Amino acid sequence: SPEESLECVLVGTDVACVLSEDEGDRLDGAKETRDDDSTSSILAALGGVALVSPFFLWGTSMVAMKEVLPATSPLFVASVRLVPAGAVLVAWAASKGRPMPSGAMAWLAIAIFALVDGTAFQGCLAEGLQRTSAGLGSVIIDSQPLTVAVLAAIIYGESLAPAGVFGLFLGVVGLLMLELPKEALAQIGGGDLGGALAAVTAGVDDGGGIWDSGEWWMLLAAQSMAVGTVMVRWVCKYVDPVMATGWHMALGGVPLLAYSIATEPGVYENLDKLTAGDVGGLMYTSLLGSALAYGAFFYFASKGSLTKLSSLTFLTPMFAALFGYLLLGETLDEVQLAGAAVTIVGIYLV
């Protein structure tokens with residue numbers, strides 16, 4: 001079937017799919033009708049709630065991770081989210097008859113993909129969550145299509161329509177509103193770029209440093225996720241997409257876990273002091289927020305609902321912001337709310 005020519009790999013909290021050129025040309029004309037028909041049948045059988053479930057799980061996992069971080073550490077939480085979930089996905093893929101990676105190039109592709117989209121992405125995400133709100137962090141991470149558009153233009157020669165170029169501009173403006181101090185934004189509004197730079201570097205001069213900024217860590221996570229997305233075409237040449245997702249998660253968590261064990265002995269000495277809520281949060285973010293969410297996304301994508309699913313990605317930061325407010329009392333100020341709205345519009349246009 002046409003859907004079988006899609007090769008989808010879960011990247012961070014998103015999906016990247018590769019379609020062969022001949023299949024792409026053949027499907028262009030019938031795409032809209034097929035998507036509408038297949039989406040309707042899935043919604044009729046499973047309901048809209050099931051279709052939304054991956055984005056709900058990803059968004060609420062951000063909140064669960066932030067809740068358990070004070071009792072553990074970013075490195076520990078990131079590794080626990082990756083390794084068990086990856087093992088579950090590999091086992092599930094094997095049970096479905098998916099081929100295991102074979103050959104040096106396959107394992108090299110997985111190893112590089114694991115370092116970029118597993119180790120770097122989840123490590124930066126966990127560090128960022130310790131320093132910023134779940135809702136704000138999720139919006140910044142989901143800005144990665146902006147970087148993907150630029151990288152795809154450079155590496156693959158893909159071009160952007162005028163609306164896409166305008167979307168990139170809006171996305172950058174929105175990210176500046178989300179990440180820069182209010183004092184810097186005020187200086188930019190007054191045309192004083194020197195004053196804006198001074199406002200940005202004030203925290204560094206005061207000893208805060210850019211590495212104490214949760215927004216900076218989230219931006220790094222977004223860039224890792226973007227590079228991982230661009231890598232998918234290469235990875236899918238050598239590895240089954242579902243196996244690539246599972247193995248890159250499992251292997252990507254190993255460096256984080258090893259470094260955590262070597263540098264954070266206190267975390268492991270106090271594991272017996274974790275509350276039932278802490279353990280539940282870790283299990284939720286790993287088994288539900290990673291393994292189940294990715295499995296659900298693969299299931300729905302295989303049924304031909306990829307277009308519908310892609311249009312729902314904006315729900316992830318919305319769920320993160322909503323449950324961050326309800327469970328953690330997190331809020332966004334008026335500038336951040338406006339920046340989030342501008343960023344989402346920019347991503348949509350791109």
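Residues numbered from 1 in each chain as written. Predicted model: local features only at pLDDT ≥ 70, side-chain atom pairs only at ≥ 80, totals over all residues. Heavy atoms only, no water.

Under an unreviewed UniProt entry, the name given to the protein chain is Drug/Metabolite transporter superfamily, and the source organism is Micromonas commoda. In its Subcellular location (unreviewed entry) section, the UniProt entry covering the protein chain states "Membrane". Per its UniProt entry, the protein chain bears the Sequence similarities (unreviewed entry) comment "Belongs to the drug/metabolite transporter (DMT) superfamily. Plant drug/metabolite exporter (P-DME) (TC 2.A.7.4) family." (UniProt positions renumbered as here; feature names shortened; annotations may be inferred.)

Draft legend 1. Summary view of the packing of aromatic side chains. Here the structure, examined in full by the defined rule, presents seven aromatic pairs. Ring centres of F56 and F323 lie 5.5 Å apart, and the angle between their planes is 85 degrees; on these two criteria the pair is classed as edge-to-face. Here the residue F56 occupies a position in helix α2 (residues 31–68), and F323 occupies one in helix α15 (residues 315–328), the gap between them amounting to 267 residues. With a relative accessible area of 29%, F56 lands in the partly exposed category. The interplanar angle of 75 degrees and the centroid separation of 6.1 Å between the aromatic rings of W234 and Y238 together place this pair among those described as edge-to-face. Residue classification places W234 among the partly exposed residues on the basis of a relative accessible area of 25%. Among the aromatic residues, those joined into a ring-pair cluster are F56, F319 and F323. (Phe/Tyr/Trp six-rings, centres within 6.5 Å; stacked < 30°, edge-to-face > 60°. Helix = DSSP H or I, 4+ residues; strand = E, 2+ residues; numbered from the N terminus. Buried < 20%, exposed > 50% of the residue type's maximum accessible area, 1.4 Å probe, protein only.)

Draft legend 2. Quick look at the nonpolar core. Grouped together as the largest cluster of nonpolar side chains are 78 residues, with contacts concentrated most on M62, L125, L129 and I141. Two domains each provide a minimum of three residues to this core, namely domain 1 (74–132 + 231–303) and domain 2 (134–203 + 313–349). Leave out the neighbours within four places in its chain, and L129 touches M62, M65, K66, L69, A134 and M218. (Core = buried A, V, L, I, M, F, W, Y, C linked by side-chain atoms within 4.5 Å. Domains from an automatic or database assignment. Contact = heavy atoms within 4.5 Å.)

Draft legend 3. Molecular detail of a nonpolar patch on the surface. Together, V88, V279, M283, L287, L288 and L292 make up a nonpolar patch on the protein surface, roughly 460 Å² of accessible area in all. Of the residues forming the nonpolar patch, the biggest block, five residues, is contributed by helix α13 (residues 276–302). Look at L287 and you get partly exposed, because its relative accessible area is 34%. (Patch = residues over 30% accessible without salt bridge, like charges linked within 9 Å, V, L, I, M, F, W, Y side chains within 5 Å. Areas by Shrake-Rupley, 256 points an atom, 1.4 Å probe, with all protein chains shown as cover. Salt bridge = Lys/Arg side-chain N within 4 Å of Asp/Glu carboxyl O.)

Draft legend 4. A look at the pattern of salt bridges. Considering all chains together, one arrives at two salt bridges under this definition. Residue R98 is joined to D240 by a salt bridge in which the shortest nitrogen-to-oxygen separation is 2.9 Å. One end of the pair, R98, is in the loop between α3 (74–95) and α4 (104–129); the other, D240, is in the loop between α10 (214–235) and α11 (241–263), and 142 residues separate them in sequence. The exposure class assigned to D240 is buried, which follows from its relative accessible area of 14%. Ionic pairing is found between R131 and E127, a salt bridge with its closest N-O pair at 2.8 Å.

Draft legend 5. Inspection of the packing of helix α6 (residues 144–155) against helix α7 (residues 162–179) at higher detail. One way to put it is that α6 packs onto α7 with a least axis distance of 10 Å and a crossing angle of 135 degrees. Considered as vectors, α6 and α7 are oriented oblique to each other. In this structure, α6 meets α7 at a crossing whose hand is left-handed. Side by side, α6 and α7 meet where L146, A149 and V150 of the first sit next to G167, L168, G171, V172 and L175 of the second. Partitioned by chemical class, the residues of the contact of α6 with α7 number six nonpolar, two polar and no charged. (Axes fitted to C-alpha atoms, helices over the stretch in contact; angles between N-to-C directions. Parallel < 35°, antiparallel > 145°, perpendicular 65-115°, else oblique. Left-handed = near helix turned anticlockwise from the far one by under 90°. Nonpolar A, V, L, I, M, F, W, Y, C, P; charged D, E, K, R; others polar.)

Draft legend 6. Structural detail: the environment of L115. Residue position: L115 is located in helix α4. Residues within four places of L115 in sequence aside, it is in contact with A120 and P255.

Draft legend 7. Region of interest: the packing of helix α5 (residues 134–141) against α15. Where α5 meets α15, the axes come as close as 7 Å, and the angle between the chain directions of the two elements is 165 degrees. Judged on the interaxial angle alone, α15 and α5 are roughly antiparallel. For α5 against α15, the interelement crossing comes out right-handed. Contacts from A134, G135, S138 and V139 in α5 reach T316, P317, A320 and A321 in α15.

Draft legend 8. Fine view of the confidence of the model for the protein chain. Mean pLDDT for the protein chain: 80, with 81% of residues reaching 70 or above. Looking across the protein chain, the model is least confident in helix α1 (residues 21–27), with a mean pLDDT of 44, and most confident in α4, with 94. Scored below 50 in pLDDT, residues 21–36 shows eleven contacts in the model against residues more than four places distant or in partner chains. Here residues 42–46 is a poorly scored stretch, pLDDT under 50, and it has nine contacts once near neighbours within four places are set aside; other chains count. (pLDDT = per-residue confidence, 0-100.)

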